[in-house]
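Letter by letter, the chains look like this.
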Amino acid sequence: MTDELLIDLRGRDLGTLDAFWDAVREPCALPAWFGRNLDAWWDVIESRGISRVIDAHEVLVVQADTAGLFAPDNPEGKRLAGLFAEATRARLELA
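On a predicted model such as this, the values are computed, not experimentally measured, just so you know.

**Some thoughts on the nonpolar core**
Ranked by size, the top nonpolar core spans 31 residues in total, and within it Phe 20, Trp 41, Leu 60 and Leu 80 carry the most contacts. Of all the elements in the fold, those that place two or more residues in this core are strand S1 (4-8), helix H1 (17-25), helix H2 (38-47), helix H3 (52-55), strand S2 (59-64), helix H4 (75-86) and strand S3 (90-94). Here this core gets six residues from one element, more than from any other, and that element is H1. Apart from residues lying up to four places away in sequence, Trp 41 is in contact with Phe 20, Trp 21, Val 24, Cys 28, Leu 30, Phe 34, Leu 60, Leu 80, Leu 83 and Phe 84.

**Description of the pairing of S3**
Bridge count between S2 and S3: five bridges; the pairing is parallel. If you follow Val 61 over to S3, its bridge partner there is Arg 91. Since S2 and S3 lie parallel, the crossover through H4 that links them has a hand, and here it is right-handed.

**Considering the packing of aromatic side chains**
All told, the structure shown has seven aromatic pairs when counted by the stated rule. Relative to Trp 21, the ring of Phe 20 lies with its centre 5.3 Å away and its plane at 70°, an arrangement referred to as edge-to-face. The same class applies to Phe 20 as to Trp 21, namely buried. Ring plane angle 55° and centroid distance 5.7 Å describe the contact between Trp 21 and Trp 41, whose orientation is recorded as tilted. In this pair, Trp 21 sits in helix H1 while Trp 41 sits in helix H2, placing the two residues 20 residues apart along the sequence. Take Trp 21: its relative accessible area is 2%, and that puts it in the buried class. Here the aromatic cluster, defined as three or more aromatic residues joined through ring pairs, consists of Phe 20, Trp 21, Phe 34, Trp 41, Phe 70 and Phe 84.

**Details of the pattern of salt bridges**
If charged atoms from side chains of opposite charge come close, those side chains can pair. Inspection of the entire model under this criterion finds five salt bridges. In this structure, the salt-bridge partner of Arg 10 is Asp 8, at a minimum N-O distance of 2.5 Å. A relative accessible area of 39% means that Asp 8 is categorised as partly exposed. The residue Arg 91 makes a salt bridge to Glu 93 at a minimum N-O spacing of 2.9 Å. Classification of Arg 91 by relative accessible area gives partly exposed; the value is 32%. Through salt bridges that share partners, Glu 4, Arg 91 and Glu 93 make up one connected network.

**Thoughts on the sheet that holds S2**
Across the sheet, which stays open at both edges, the three strands sit in the order S1-S2-S3 with parallel pairing between neighbours. Strand pairing shows two members of the sheet lacking a second neighbour, S1 and S3, which therefore form its edges. Ignoring which end each strand starts from, the neighbouring axes of this sheet average 20° apart.

Parameters at a glance
Every chain's residues receive numbers from 1 upward, in the order its sequence appears when written. Residue-level local features of this predicted model are given only where pLDDT is at least 70; pairs of side-chain atoms are given and counted only at 80 or more, and the full residue set underlies all totals for whole chains, interfaces and linings. Heavy atoms throughout the structure, all of them, feed into the side-chain values; hydrogens and water do not. In these notes, a set of buried Ala, Val, Leu, Ile, Met, Phe, Trp, Tyr and Cys residues joined through side-chain atoms within 4.5 Å is what counts as a nonpolar core. Relative accessibility under 20% of the residue-type maximum defines a buried residue, over 50% an exposed one, and the middle range a partly exposed one, all with a 1.4 Å probe and only protein chains included. Going along the chain from the N terminus, every DSSP run of H or I of four or more residues is numbered as a helix, and every run of E of two or more is numbered as a strand. Any pair of residues with heavy atoms lying within 4.5 Å of one another is described as a contacting pair. In this description, strands pair whenever DSSP reports at least two bridges between them. By convention, orient the strands away from the viewer: a clockwise path from the first strand over the helix to the second makes the crossover right-handed. Within 6.5 Å between ring centres, the rings of Phe, Tyr and Trp (the latter by its six-membered ring) count as paired, and their orientation is classed by plane angle as stacked under 30 degrees, edge-to-face over 60, tilted in between. Any Lys or Arg side-chain nitrogen found within 4 Å of a carboxyl oxygen on Asp or Glu counts as a salt bridge. An axis is simply a line fitted to the C-alpha atoms; with a helix, the fit covers only the stretch in contact. Between two such axes, the angle follows the N-to-C directions and lies from 0 to 180 degrees.

So, to be careful, I would describe these as geometric facts and stop short of saying anything about function.
Given below as structure tokens:
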């Protein structure tokens, strides 16, 4: 069985990327200097070495609603979802 860190954001108001960064900051133990952009997020989930919490698990799983940021017509959400789709150590589960 894979060691997974589950971050459940279902039911949260995630209308923007900023709201997403705010929602994952604490449970992922992101440092204050985290860049709050997709390149920085890629470094966190794939390169590792930034979050001791994420680094302690093989895979990060983020669950979110298919609304707001992750609504089908939201380009920011599509870019973030695409990044998750390319990742080998993280995945996005939309409900």
